[in-house]
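If you want the building blocks of each chain, they are given just below.
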Amino acid sequence: MSNQTTDNKDCLAPNEVAHGFSEKVMPTKASYRKSKMFVLAIAAGAFIAYGAQVSLTVSTGEAEFLGWGASKLIGAMVFAAGLMMVVLTGAELFTGNVMMMFSVIEKKITWTKLFRSWSIVYLGNFVGSIILAFLVYYGAMCHNAHDALGVNTLTNAHMKVNLSFVEAFCRGILCNWLVCLAVWMATSSRRVIGKIFAIFFPIMTFVASGYEHSVANMFFIPSGILMKSVPSVVAASGLDAAQLATLSWKSFFLHNLIPVTLGNIVGALVFVVLLFWMAYLRDDHNKQLEEDK
């Protein structure tokens, strides 16, 4: 039943989504002019950063009253707003664009176009995230709740850069498996409310579980680094000089962003692209190869 096209057309069947990604959606994205791709990527980075910031805000101080798990859940629920904004505005997000591999496998786009898109979008996401990080910093949002928001931002970043390579890599895999499922399911819906609900539950699951998203971390960790320059936040955090020294731009790139990005690529490529290509596209692909002989 899952391979059949639905009659009411409120949503697309899974095989329709797979063909749509391979033949239309991803080739179109890969063909955007560089300026359009970059601007849409800046927007996506900022949207994910908005979700990250509100997640930090609503989870600040909650664990003391609601418990750790409930605090994580509430922060995860609001974080989903970031991907909703990305999907509904057509912004370009690196983690979702890993699914361009559908089109590469089907020879709809070239490796050159793939890496062109990935590099431009990744850089644009970073720019958008950093812009929001500095706006939040200069807006003095860290002083909310008597510096508690700043402390939450600082300690969250400190935790992320102190993950081992394997921990960050595995959390990156788990994260983008869910993010790409959210994009997949949102694409299957023809209605805005359906897209919202399709995004909400997988994103809530990844954030509440503590998985690692490269673009979100482009906001989380630089924001934490900026908190090191706020004496009252540092004092309230309880982190000593040695602990603070581990939170730097170098550790951001080497100990988090690189392994998480690699994990995000593997999560999408292996557990979404390859799995669904084998389920929905491989037979058609092989049939076409036979016809071309």
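Now for a description of the structure that goes with this document. Note on numbering: residues in each chain are counted from 1, in written sequence order. Where local features are concerned, this predicted model is filtered to residues with pLDDT of at least 70; where side-chain atom pairs are given and counted, the filter is 80 or more; whole-chain, interface and lining totals use all residues. The side-chain quantities take in all heavy atoms of the structure and omit both hydrogens and water.

## Points about unusual backbone geometry
Phase 1 of the analysis: At lysine 107, a residue that is not glycine, the phi angle is positive and equals roughly 60°.
Phase 2 of the analysis: Position of lysine 107 relative to the elements: it lies in the loop between helix H6 (101-105) and helix H7 (111-138).
Phase 3 of the analysis: At alanine 145, a residue that is not glycine, the phi angle is positive and equals roughly 55°.
Phase 4 of the analysis: Secondary structure elements follow DSSP: runs of H or I of four or more residues count as helices, runs of E of two or more count as strands, with numbering from the N terminus. Checked against the element boundaries, alanine 145 lands in the loop between H7 and helix H8 (148-161).
Phase 5 of the analysis: Partly exposed residues are those whose accessible area sits between 20% and 50% of the maximum for their type, while under 20% is buried and over 50% is exposed, using a 1.4 Å probe and protein chains only. Using a relative accessible area of 51% as the deciding quantity, one classes alanine 145 as exposed.

## As for the environment of glycine 69
Phase 1 of the analysis: Relative to the elements of secondary structure, glycine 69 occurs in helix H4 (residues 68-89).
Phase 2 of the analysis: For glycine 69, a relative accessible area of 41% puts it in the partly exposed group.

## Side note on the pattern of salt bridges
Phase 1 of the analysis: The term salt bridge refers to a pairing of a side-chain nitrogen on Lys or Arg with a carboxyl oxygen on Asp or Glu at a separation within 4 Å. Counting across every chain of the model gives three salt bridges.
Phase 2 of the analysis: The residue arginine 191 makes a salt bridge to aspartate 10 at a minimum N-O spacing of 3.1 Å. A residue pair is termed long-range when its members are at least 10 positions apart, and arginine 191 in the loop between helix H9 (165-188) and helix H10 (192-209) and aspartate 10 in the segment before helix H1 (14-30) qualify at 181 residues.
Phase 3 of the analysis: Note on aspartate 10: relative accessible area 32%, which makes it partly exposed.
Phase 4 of the analysis: Note that lysine 160 and glutamate 212 form a salt bridge whose closest N and O atoms lie 3.0 Å from each other. Highlighted residues: lysine 160 in helix H8 and glutamate 212 in the loop between H10 and helix H11 (214-227), separated in sequence by 52 residues. The same class applies to lysine 160 and to glutamate 212, which are both buried.

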